[in-house]
Amino acid sequence: MVYKSIDEANQAVVSKIIAGSPFLLDVVPAIDVIDEFKHGKVLLHAGPPITYDKMIDPVQGACIGAAMFEGWADNEDDARKLMESGEVTLIPCHHVDAVGPMGGITSAHMPVVVVENRTDGNRAYCTMNEGIGAVLRFGANGPEVIDRLRWMRDVLGPVLSKALQTREPLNVSALIAKAIAMGDEFHQRNIAASLAFLKEMSPSIVALDIDQKDKEDVIQFLADTDQFFLNIMMASAKSVMDGARQIQEGTIVTAMCRNGYEFGIRIAGMGDEWFTGPVNTPHGLYFSGFSEDDASPDMGDSAITETFGVGGFAMIAAPAVTRFVGTGGFFDALHTSEDMTEITTASNPNFPIPTWDFRGISIGIDARKVVETGILPVINTGIANKKAGLGQIGAGTVNPPMEAFEKAVLAYAKKLGFEE
Amino acid sequence: MLHTVIEKNSYQDSIVLMLLTNYLETLDGVNNVQVMMGTPANKDIFKTGGLATDELEAATPNDMVVVLDVDNEDLIDDVVKKAKVYLDEQSNGSDDENSGEERVKTWDKALEVAKDAPVALISVPGVYAAGEVEKALDAGKNVFCFSDNVTIEDEARLKQMAHEKGLLLMGPDCGTGIANGLPLAFANRVRKGSIGIVGASGTGIQEVTAIIHKMGEGVTNAIGTGGRDLKAQVQGITFKDSIALLDQDPDVKVIVAISKPPAKEVRDDAVDLLRAAKKPVVAIFLGEKPEAHEKGLYRAYTLEETAKIAVGLLHGQEPTGNEDVAVKVPDVKLQPQQKYIKGYYSGGTLAYEAATLMNNTLGLHAENGVDGSILKKDGYEVLDLGDDVFTQGRPHPMIDATKRKEMMVSAGQDPETAAILLDIVLGYGTTDDMAGDLKDTIIKVKADAKAEGRELPVIATIVGTDMDPQDYSQQQRTLAEAGVIICENNAQAVKTALAIVGHPVEETPLPILPEAPSNVKMPAVSDKLKEMLTATRFLNIGLESFAEAINESGGSAVQFDWKPIAGGNVELQKALLFLNKVDLKVGV
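What you see is a predicted model; the values in this text were computed from it and never measured.

1. Re the overall build of chain B
- Regarding its fold elements, chain B presents 19 helices and 24 strands.
- Radius of gyration (C-alpha) of chain B: 25 Å, near the 25 Å computed for a compact globule of 588 residues.
- Along the first, second and third principal axes, the C-alpha atoms of chain B reach 70 × 65 × 40 Å.
- Summarising the internal contacts of chain B: among those between residues at least 6 apart in sequence, 71% fall at separations of at least 24.

Put into structure tokens, the structure is as follows:
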């Protein structure tokens, strides 16, 4: 397909985003769907490509946890040496149709959700949410963390997989539409969607012919994990954005992600190329006893939610959390969402926001508009302690570096023949 | 010791930053401080202010730069914190009041939200103004351009472009206007009425509208043209279209035209056009002493006379020559050495008027002043403190009294000073309490002179109305408390000063000659131009206070928080332009 102008190409990409139809099919070990795991020791990480030595402490901590989880080492020191040796291949999640929260560290035997975008036939994967407290995504790697990962591998993943096989694939768009009307913005707040997910799944889970304790544990875990849906949202957004970026023209941003060191974006017209700049540190509210001095730089593939049009872009959908992410209140949330309309291309009518007079979420970030206006995307995010293993210390918002957008715009202009 | 603090990507309006600078200067331990956006021009200002630092060079036009001189480094954090609190308070204040307001940040959005606004107000930094004016004209908007520093070539080109599109470009450097009774930029609130005004002078329009209001009549539309419109290069394009517009406005009964004398090449054309008007016209060419009226085209010498002739004509009364009420000379005993009048003005046209009256009455034969020094001959002095030479890096004297206080103190110490003239300009865009800001200094200056055995009269006029956001009568009371001689208008104030020094202005009524023939035809007026007369909705690009003035006065303004495209990066601007036009099928 050839487009006359960038506007036309962008419109085509946006149409694909609107037409995207993610369905949750299954939960399987990562190695079953990601071939790269079959070739030696491999870990996936969030953000654009990075080497181990450049990873910040929480991400290194997560690598060490994953190495122990995979049984490559039985203590932290050995695991660290292994990572430092360079024997473990590091691949960005995005390069293998996946996304990962915070550190995004994903290993072969971690279960991943399988989401298919039925419009374009492509699939995307993401690990499951571990809950809060000491968790691998924030760099914790103690026994409690590894034990939970094992339980997720041995119980949670298989149970959800079985339950999903007894029913129709789960239409994620329908869940999103319901939950946005219940005050979720799907990055900082997923409680409505997580409950809706539990509502959808519990009849199938309780009907399974499996150990009663496992059933109870799974239901309890889902009931306890307010952010469980976030990872499903991320995989769904990834599947839709990957479908849309089959169009390789135009300036729509198709991915935003960070690895704690660099922030990377992709635009449709530049295909797989990453455009990066240094990550910022989020601003927001801290749990008592912590301050911005303790905060880790920005990390995670979860900004795929903003790329898809939720998260910070749909701040107005979730007035309840605006204060938590450090904004003033309803009108600040409104201004944030209004600002985001200045750098996006269209509204997605499938996801109307009641608190925004039923206006659809803003989609199709146009890198040109970001550069032109100086308005940067607003990303809602959890804030990790900069020391591995101490977990989340707050929540807030963060901006990508302008540099990434400037590089993307210049590179695409040059590709099309722009000469200074 | 100089310190530099750079807040990346923190665009603030220059007025806000100047006020902030003033505030920070008052903090204990701060020897010197300046806060500005990091544009190349501002960097030069830092340097000339003795605030050059290496870090400053790295700042971009989107960065807010604080350079401060403190002896104690511990103060830096405190100053930065106080600056942030100040800026937060500024933004919170407006957020609270306008939580439901319409606010946009891009042209696309602006044109969508303000598609029904026939007029765009533009107050962006001068280097960007021509481009933004062109965009607004392309979008079919009449433009009121407050920004200055636009080249005269651009002005001529854009005005021609506007004319061809059937639109009006007011400005650049248009300080004031009234559209459909709503204040544009630095304007007074006056009641609506049947006098229509075209003016190439900001405070000239303000003074005339305020006097008309005080006389019980009103002005619905006062169109500013910008000061260079009647120069040869621009050919009076806006002036002519505006006269045509007012001539065809059924609500206008009398037209007032205010301008410096037109360039020779334009003059006949302009005057002929005034003669061609169906409605009576009062014209004042500032600085020129008229010799005769013509039937239908009446000539005024002062702004006061302009307003009074216009109101007379509205009441069916031709000028009598008695428009200037005889001045009551206050009882002031000057010492023999007290000879000279000093005028410290915030309004440029008012300064010009004072200089003209003094020059002509005293027979000074002074050259035209330059750089804000409108008159300087012997000890006589009239300064326009709003001129660029005085406002580099500091607020306009209508907002900030610092410079005026300095000038008054030094004039007060000069034993040859016989009287000090001041203007207090009210209305939107000026400070809340100028009289209060000046009061202590006035009292001190008079007392110091008295201590040395001199009586020193301070004479002031208040340009404003009882509808202005400031409290007009409170300003009067404050000045009276300070012992100021308050005159009804500027001409009266200057005449009072001249009478005090023993040179009263002599009035000679002008003859009224028969109607003179006109060789020009009124230009046609497009529908888009007419929409301006009844505009209630505006697109305000730049200074937010202009939108607030319109909203408070019953109109509605969409606020466009403008920033330079791509942070002012030229390479990126070119790349964006390329991408916006590139044809993906064939390339460019």
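2. Overview of the overall build of chain A
- The helix and strand tally for chain A stands at 14 helices and 16 strands.
- Over its C-alpha trace chain A gives a radius of gyration of 20 Å, about what one expects of a compact globule, namely 22 Å for 420 residues.
- Across its three principal directions, the C-alpha atoms of chain A cover 60 × 50 × 45 Å.
- Scored against the burial criterion, the 420 residues of chain A give a buried share of 59%.
- At a minimum sequence separation of 6, the contacts of chain A that also span at least 24 residues come to 73%.

3. Looking at the packing of helix α5 (residues 143-165) of chain A against helix α8 (residues 212-224) of chain A
All names here are of chain A.
- Relative to each other, α5 and α8 sit at 85°, their axes nearing to 10 Å. It follows from the interaxial angle that α5 and α8 lie roughly perpendicular. For the pair α5 and α8, contact is made by Val155, Leu156 and Val159 and by Asp214, Asp217, Val218 and Phe221, respectively.
- Partitioned by chemical class, the residues of the contact of α5 with α8 number five nonpolar, no polar and two charged.

4. Some thoughts on the packing of helix α13 (residues 402-413) of chain B against helix α14 (residues 434-451) of chain B
All names here are of chain B.
- Axis separation between α13 and α14 bottoms out at 9 Å; the angle between their running directions is 10°. Of the possible angle classes, the one that applies to α13 and α14 is roughly parallel. On the side of α13, the interface is formed by Arg404, Lys405, Met408, Val409, Gly412 and Gln413, while α14 contributes Leu438, Thr441, Val445, Asp448 and Ala449.
- The class makeup of the residues in the contact of α13 with α14 is five nonpolar, three polar and three charged.

5. Focus: the domain arrangement of chain A
Residues and elements named next belong to chain A.
- On domain assignment, one finds that chain A holds domain 1 (21-232) and domain 2 (247-415).
- Contact with domain 1, which involves 43 residues of that partner, is made by 44 residues of domain 2.
- For the side of domain 1 that touches domain 2, the secondary structure elements donating two or more residues are α3 (57-69) and α6 (172-180).
- If one sorts the elements of the side of domain 1 that touches domain 2 by residue count, α3 sits on top with five residues.
- Considered class by class, the residues forming the side of domain 1 that touches domain 2 number 22 nonpolar, 16 polar and five charged.

6. What about the interface of chain B and chain A?
- With 24 residues of chain B at the interface, the matching set in chain A holds 27 residues.
- Ranked by residues supplied to the side of chain B that touches chain A, first place goes to helix α19 (residues 570-581) of chain B with seven residues.
- Among the residues making up the side of chain B that touches chain A, the classes are represented as 10 nonpolar, six polar and eight charged.

7. Comments concerning the environment of Ala408 of chain A
Residues and elements named next belong to chain A.
- Here Ala408 shows up in helix α14 (residues 402-415).
- For the pair Ala408 and Val371, spaced 37 residues apart in the sequence, the C-alpha separation amounts to 9.7 Å.
- Not counting chain neighbours up to four residues away, the residues in contact with Ala408 comprise Ile265, Ile267, Met270, Phe275 and Ala367.

8. Observations concerning the sheet that holds strand β6 (residues 122-127) of chain A
Residues and elements named next belong to chain A.
- Pairing is mixed in the open sheet, where five strands are placed in the order β4-β6-β5-β1-β7. The sheet is open, and its two edges are formed by β4 (98-99) and β7 (170-171), each paired on a single side.
- Pairing of strand β1 (residues 22-29) with β7, which is carried by two bridges, proceeds in the antiparallel orientation. Within β7, the residue paired with Leu24 across the bridge is Leu170.

9. Looking at the nonpolar core
- Core analysis: the biggest nonpolar cluster contains 155 residues, and Leu121, Ile122 and Val143 of chain B have the highest contact counts within it.
- Two domains each put at least three residues into this core: domain 2 (103-323 + 523-560) and domain 3 (340-500) of chain B.
- Here Ile122 of chain B is in contact with Ala129, Glu132, Val133, Ala136, Val143, Phe144, Cys145, Phe146, Ser147, Ile541 and Gly542 of chain B, once residues within four sequence places are set aside.
- Membership of the second largest hydrophobic core comes to 144 residues, among which are Val99, Met128, Ile375 and Tyr412 of chain A.

10. Considering the sheet that holds strand β16 (residues 392-398) of chain A
Residues and elements named next belong to chain A.
- Judged by pairing direction, the sheet is antiparallel, and its three strands sit side by side in the order β11-β16-β15 without closing on themselves. Every other strand in the sheet has two partners, leaving β11 (283-286) and β15 (379-384) as the edge strands with one partner each. Direction aside, the axes of adjacent strands within the sheet are offset by 25° on average.
- Across four bridges, the pairing between β11 and β16 is antiparallel. The partner of Leu285 across the bridge, within β16, is Ala395.

11. Observations concerning the domain arrangement of chain B
Residues and elements named next belong to chain B.
- By domain assignment, chain B separates into domain 1 (2-97), domain 2 (103-323 + 523-560) and domain 3 (340-500).
- Using C-alpha coordinates to define each centre, domain 2 is positioned 27 Å away from domain 3.
- Of all the elements in the fold, those that place two or more residues in the side of domain 2 that touches domain 3 are β9 (182-185), α7 (202-214), α10 (303-314) and α18 (544-552).
- Counting residues per element, the side of domain 2 that touches domain 3 draws most heavily on α7, which supplies nine residues.
- Class assignment for the residues of the side of domain 2 that touches domain 3 results in 10 nonpolar, 10 polar and six charged.

12. Focus on helix α9 (residues 264-276) of chain B
- A rise of 1.5 Å per residue sets the reference length of α9 of chain B, with its 13 residues, at 18 Å; its end C-alpha atoms lie 19 Å apart and thus fit the reference within 8%.
- Three or more residues of α9 of chain B are buried, namely Val266, Ala270, Val271, Leu273, Leu274 and Ala276 of chain B.

13. Comments concerning α8 of chain A
Residues and elements named next belong to chain A.
- Under the 1.5 Å per step criterion, the end-to-end length of α8 is 18 Å for 13 residues, consistent within 8% with the ideal 18 Å.
- For α8, every residue scored as buried is listed here: Val218, Phe221 and Leu222. The buried residues of α8 occupy an angular sector of 95° when projected down its axis, which confines them to one face. Facing away from the buried surface of α8 by more than 90 degrees, the exposed residues are Gln212, Lys213, Glu216, Gln220 and Asp224.

14. A short note on unusual backbone geometry
- For the bond running from Gly171 of chain B to Pro172 of chain B, omega is 10°, close enough to zero to count as cis.
- Relative to the assigned elements, Pro172 of chain B resides in the loop between β7 (169-170) and β8 (176-179).
- One non-glycine residue, Asp97 of chain A, lies in the positive phi region at around 65°.
- The residue Asp97 of chain A is located in the loop between β3 (89-92) and β4 in this model.
- Look at Asp97 of chain A and you get partly exposed, because 19 C-beta atoms sit within 10 Å.
- Of note in this structure, Phe358 of chain A is not a glycine but carries a positive phi near 65°.
- Judged by the 10 C-beta atoms lying within 10 Å of it, Phe358 of chain A is exposed.

15. Regarding the environment of Tyr3 of chain A
- Its location among the elements puts Tyr3 of chain A in the segment before α1 (6-19).
- Taking the C-beta count within 10 Å as the criterion, Tyr3 of chain A has 18 such neighbours and is therefore assigned partly exposed.
- Tyr3 of chain A sits 28 residues away from Ile31 of chain A along the chain, and the two C-alpha atoms are 39 Å apart.
- Once you skip the residues sitting within four places of it in the chain, Tyr3 of chain A turns out to touch Glu8, Ala9, Ala12 and Glu249 of chain A together with Leu584 of chain B.

16. Examining the confidence of the model for chain B
- The pLDDT averaged across chain B works out to 90; a share of 96% of its residues lies at or above 70.
- Taken over the whole predicted complex, pTM reads 0.74, whereas the ipTM for its chain interfaces reads 0.90.

17. Quick word on the pairing of strand β5 (residues 119-123) of chain B
Residue and element names in this part refer to chain B.
- Here β5 lies mainly inside the structure; five of its five residues are buried.
- Across the two faces of β5 the burial is the same, with Val119, Leu121 and Ser123 and Ala120 and Ile122 all buried.
- Bridge analysis of β5 against strand β23 (residues 537-542) gives five bridges, and the strand direction is parallel. Pairing of Ala120 across the sheet is with Leu539, part of β23.
- Examined bridge by bridge, β5 and strand β6 (residues 142-145) share four bridges and lie parallel to one another. In the strand pairing of β6, Leu121 is matched with Phe144.
- Traced from β5 through helix α5 (residues 126-138) to β6, the parallel crossover comes out right-handed.

Basis of the calculations
Numbers given to residues run from 1 along each chain, matching the order in which its sequence is written. To label them, take the chains in the order written and letter them from A, then take the ligands in the order written and number them from 1. This being a predicted model, a pLDDT of at least 70 is required before a residue's local features are given, and a value of 80 or more before pairs of side-chain atoms are given or counted; all residues contribute to the totals for chains, interfaces and linings. Here a helix means four or more residues in a row that DSSP labels H or I, a strand means two or more in a row labelled E, and each is numbered from the N terminus. Using C-alpha atoms as the atom set, the radius of gyration is obtained and then compared with a globule rule of 2.2 Å times the number of residues to the power 0.38. The contact criterion used is a C-beta to C-beta distance within 7 Å, with each C-beta placed from the backbone. Any residue surrounded by 20 or more other C-beta atoms within 10 Å of its C-beta is treated as buried, while 12 or fewer makes it exposed and the intermediate range makes it partly exposed; C-beta atoms here are placed from the backbone. Every axis in this analysis is a line fitted to C-alpha atoms, fitted for helices over the stretch in contact. Angles between the N-to-C directions lie between 0 and 180 degrees. Working definition: roughly parallel below 35 degrees, roughly antiparallel above 145 degrees, roughly perpendicular at 65 to 115 degrees, and oblique for all remaining angles. Residue type decides the class: Asp, Glu, Lys and Arg count as charged, Ala, Val, Leu, Ile, Met, Phe, Trp, Tyr, Cys and Pro as nonpolar, and the leftover types, Gly among them, as polar. Domain ranges listed in this record stem from an automatic or a database domain assignment. One requirement defines pairing of two strands: DSSP has to find at least two bridges between them. Each nonpolar core consists of buried Ala, Val, Leu, Ile, Met, Phe, Trp, Tyr and Cys residues. Their C-beta atoms, within 7 Å, join them into a set. Every helix has an expected span of 1.5 Å times one less than the residues it contains. The directions considered for the arc are those from the helix axis to the C-beta atoms. One confidence number per residue, pLDDT, is output by the predictor and ranges from 0 to 100. Place the viewer so that the strands point away; then a crossover is right-handed whenever the path from the first strand over the helix to the second strand goes clockwise.

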